[in-house]
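Each chain, written out:
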Amino acid sequence: MSPNLVYVVVVGVLFAAGVTLLLERSLTRVLMGVILLGNGANLLLLTGGRAGGPPIVGTTAEEEMADPLPQAMVLTAIVITLGMTAFLLALAYRSWHLNGHDEVQDDVEDRRIMVLADRDEGPGTADPETVDPPPARAADGRRVAAGEPGSAR
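Here the structure is a predicted model, which means the values were calculated and not measured.

Q: Sorry, what's going on with helix H1 (residues 5–22) here?
A: One turn of an α-helix holds 3.6 residues; hence residues three or four places apart share an orientation. In this model, H1 (18 residues) spans 26 Å end to end at C-alpha, consistent with the 26 Å of a helix rising 1.5 Å per residue. All of the buried residues along H1 are Val 11, Leu 14 and Gly 18. Mapping the buried residues of H1 onto a view down its axis gives an arc of 65 degrees, with all of them on the same face. Along H1, exposed side chains directed more than 90 degrees from the buried face belong to Leu 5, Val 6 and Val 13. On its buried face, H1 is in contact with helix H2 (27–47).

Q: Just checking my understanding: could you explain the pattern of salt bridges for this structure?
A: Pairs may arise between side chains of opposite charge once their charged atoms sit close together. With the rule as written, the count across this model stands at 2 salt bridges. A salt bridge links Arg 112 to Glu 109, with the shortest nitrogen-to-oxygen separation between them at 2.5 Å. Highlighted residues: Arg 112 and Glu 109, both in helix H4 (residues 108–119), separated by 3 residues, approximately one helical turn. Look at Arg 112 and you get buried, because its relative accessible area is 10%. Of the residues examined, Glu 109 reaches a relative accessible area of 34% and is grouped as partly exposed.

Q: Would you mind going over helix H3 (residues 68–99) with me for this structure?
A: Between its first and last C-alpha, H3 extends 46 Å over 32 residues, near the 46 Å set by a 1.5 Å rise per residue. Of all the residues in H3, the buried ones are Pro 70, Val 74, Ala 77, Thr 81, Thr 85, Leu 88, Ala 92 and Ser 95. Those residues of H3 that are buried are in contact with H2. Where H3 begins, the side chain of Asp 67 points an oxygen toward the backbone nitrogen of Leu 69, at a separation of 3.5 Å. Just downstream of H3, Gly 100 is the residue with a positive phi angle, here 85 degrees.

Q: Help me understand the packing of H2 against H3, please; the structure alone is not making it clear to me.
A: Helix-helix packing is described using two parameters, namely the angle between the two axes and the distance between the axes. The N-to-C vectors of H2 and H3 enclose an angle of 180 degrees; their axes lie 9 Å apart at closest approach. With respect to H3, the element H2 is oriented roughly antiparallel. Of the residues contributing to the contact of H2 with H3, the split by class is 17 nonpolar, 5 polar and no charged.

Basis of the calculations
- Residues numbered from 1 in each chain as written.
- Predicted model: local features only at pLDDT ≥ 70, side-chain atom pairs only at ≥ 80, totals over all residues.
- Heavy atoms only, no water.
- Helix = DSSP H or I, 4+ residues; strand = E, 2+ residues; numbered from the N terminus.
- Expected span 1.5 Å × (residues − 1).
- Buried < 20%, exposed > 50% of the residue type's maximum accessible area, 1.4 Å probe, protein only.
- Arc of directions from axis to C-beta.
- Contact = heavy atoms within 4.5 Å.
- Salt bridge = Lys/Arg side-chain N within 4 Å of Asp/Glu carboxyl O.
- Polar contact = N/O pair within 3.5 Å; in protein donor to acceptor, adjacent residues only side chain to side chain.
- Axes fitted to C-alpha atoms, helices over the stretch in contact; angles between N-to-C directions.
- Parallel < 35°, antiparallel > 145°, perpendicular 65-115°, else oblique.
- Nonpolar A, V, L, I, M, F, W, Y, C, P; charged D, E, K, R; others polar.

See below:
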């Protein structure tokens, strides 16, 4: 028994769209990518099961029963996807609350390592503050561009 071609194409599209969204910087798009990947995995697990009657002994002949393992795995995957969704929603809300946006910023250490790799030097020679200095802040804590009144530079 082979799976329906439509299901295979839908699973492929869900996985492709999910991975594409996971590679974005916005946590909202990452959240949508996790949801799409979860739905794609659920559909993939369901296509792996055998169709048939309810898997209850005594109501259906054993040869005609559906495979209960994919159904149990899908229920588990739904719970895991729900947990990941709740966690990413909390991260996105916290980022929005603190920064006013939900974009993931570059790490200063990662940027320092990239600069060292470009210069082909060993670790420990570049100062991360010179690679990517922090933004200037006014007395009230808001960001200001260099050269504006209230900037430290």
